[in-house]
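So you can see what is in the structure, the chains are spelled out below.
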Amino acid sequence: MNVLIIGSGGREHALAWKLKKSPLLKQLHAIPGSAAISELAVCPAVAQADFEGIRKYAVENKIDLVVIGPEEPLAGGLSDRLTAAGLRVFGPSQKGAMLEASKQFAKEFMRRHQLPTADFQILYDADAAREKIRDNKKYPVVIKADGLAAGKGVRICHDEAQALEAVADFMEKRIFGFSGSKVLMEEFLTGKEISVMALVDGGSYLLLPVSRDHKRLRDNDAGPNTGGMGAIAPVELAAAAMETVKNEVLQRFVDGVKKDRIPFCGVIYAGLMLTPEGPRLLEFNVRFGDPETQALLPLVEEDLLELLQACVNGKLSGQKMETLKETCVTVVLSAKGYPENPEKGKEISGLDAAPADVLVFHAGTRKEAGKFLTGGGRILSVTARAATLEEARKKVYSAIEKITFEGMHYRRDIGL
Ligand code: AMP
Ligand code: GLY
């Protein structure tokens, strides 16, 4: 098969690495890809936002399967557009992508189909929001911008002043633009978070290894929220929690999209909190997580291409998910200034010094005169796999010691 990956980050590098192992693969392509991905795939000069260019390229190059990595093209309707052109696409419709792109849409879906989640109210304008906040007696409370905000549109507010400030920032100053035109006020939950991803073919789902992201910039969950600074997989769940995840989250999700007639072939990512009352759904993403994917794909023994093909053919039920009984740790190396204002253009050294069984996925690099330079916020995601979490941690951190670039930052406590 000829496969086209859309995206350029660490997640897409990991997808390319995994798909490349498939005996079903003829040629791999990536748009826009990256210097690192171009070692595995053909990367034509087509932009990720150029949907018409992507369609044309896919048709001309007889692409059998398009795999969409990031949320923006999904929310923009790329999947629908390619499907309409007769292409097979792994990545949900624009309507399905609303489950990530609009928190209101997602929460109303959860309520309608009885998925366990925090109580919430939707506030349509700043005055109404202020009134609700003044009536609110329970703190902390969570204020969320409705739309996409790169993981930054959520504020845990400890008092009325903070909640009012969030409303002013999101709805009046519009720090996330149109994403703040509505806000949600949500019950505050506590517990450990997990990322549950499953492949979905519209009618059924297949669970991937459960993982855990580390969202804050610094050790001990300090500092601002980021796209994710590291991940581990698998995360063992108690049997009762696993039952809830399967029966009340994933099965109800699949039944819900069917009932609502939302075309959904792709990954559903449930961001869950393990509260004292059981698992509660915080959010949906409609794609592979980044960096969770880098930590879970090395555990998957199955041919990923075969599984994705089963998804687009509506034949997922009956497929297996065999995984290695090992643990993966992924640590993100980020640039100085990330997430606000990352420095770019620093030379990266030591990439070749990592042992062969440590995977270095490139998230934000470019190549100039044969050298890799930093070119983003999250630069590399380094992954090691071992029999135990302790060994995997040792392995990943000893590989990282050999890698350097000016201003390099990473968390030392991934998996602790
Ligand atoms: P979201 O984008 O909705 O997943 O929120 C981002 C992060 O905010 C989550 O990973 C949680 O750490 C935190 N968060 C979101 N909703 C809640 C909630 N209801 N209670 C406590 N923390 C939350
Ligand atoms: N790591 C969180 C996400 O992919 O949204």
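Values in this document were obtained by computation on a predicted structure and should not be read as measured data.

Analysis parameters
- Residues numbered from 1 in each chain as written.
- Chains lettered and ligands numbered in written order.
- Predicted model: local features only at pLDDT ≥ 70, side-chain atom pairs only at ≥ 80, totals over all residues.
- Heavy atoms only, no water.
- Helix = DSSP H or I, 4+ residues; strand = E, 2+ residues; numbered from the N terminus.
- Buried < 20%, exposed > 50% of the residue type's maximum accessible area, 1.4 Å probe, protein only.
- Contact = heavy atoms within 4.5 Å.
- Pairing = 2+ DSSP bridges.
- Axes fitted to C-alpha atoms, helices over the stretch in contact; angles between N-to-C directions.
- 1 Å grid on protein atoms, 1.4 Å probe; cavity = no way out; pocket = protein on both sides within 12 Å on 5 of 7 lines; lining within 4 Å.
- Points joined across faces, edges and corners; volume = space filled by probe spheres on them.
- Nonpolar A, V, L, I, M, F, W, Y, C, P; charged D, E, K, R; others polar.
- Parallel < 35°, antiparallel > 145°, perpendicular 65-115°, else oblique.

Trainee: Sorry, what's going on with the side chain of R378 here?
Mentor: Within the secondary structure, R378 sits in strand β21 (residues 378–386). Of the residues examined, R378 reaches a relative accessible area of 19% and is grouped as buried. Residue contacts for R378: discarding those within four places in its chain leaves G227, G228, D290, P291, V332, L333, S334, Y338, A363 and G364.

Trainee: So what exactly am I meant to see when it comes to the sheet that holds strand β15 (residues 266–275) here?
Mentor: Within a sheet, adjacent strands bond to each other through the backbone by hydrogen bonds, running parallel or antiparallel. The antiparallel open sheet is built from 4 strands, whose spatial order is β10-β9-β15-β16. Each edge of the sheet is formed by a strand with only one pairing partner; in this case those strands are β10 (205–207) and β16 (278–285). Going from strand to strand, the sheet's axes swing by 35° on average, the running direction of each strand aside.

Trainee: Whenever I open this one, empty space enclosed by the protein confuses me. Can you help?
Mentor: Take a probe with the size of a water molecule and roll it over the atoms, and the empty space left behind shows itself. Following the criterion strictly, the structure yields 1 cavity of 30 Å³ or more and no others. The volume enclosed by the largest cavity comes to roughly 70 Å³. Every residue along the wall of the largest cavity is listed here: L99, E100, K103, A106, K107, M110, K144, L184, E186, L282, E283 and F284. For the lining of the largest cavity, the element with the most residues is helix α6 (residues 103–112), which contributes 4 residues. When grouped by side-chain class, the residues that make up the lining of the largest cavity number 6 nonpolar, no polar and 6 charged.

Trainee: Would you take a moment to explain the packing of helix α5 (residues 94–101) against α6 for this structure?
Mentor: A packed helix pair is summarised by two numbers, namely the angle formed by the two axes and the spacing between the axes. Across the interface, α5 lies against α6 with an axial gap of 6 Å and an inter-helix angle of 100°. In this view, α5 runs roughly perpendicular relative to α6, as classed from their interaxial angle. Listed contacts from α6 to K95, M98, L99 and A101 of α5 are K103, F105, A106 and F109. Looking at the contact of α5 with α6 residue by residue, the classes come out as 6 nonpolar, no polar and 2 charged.

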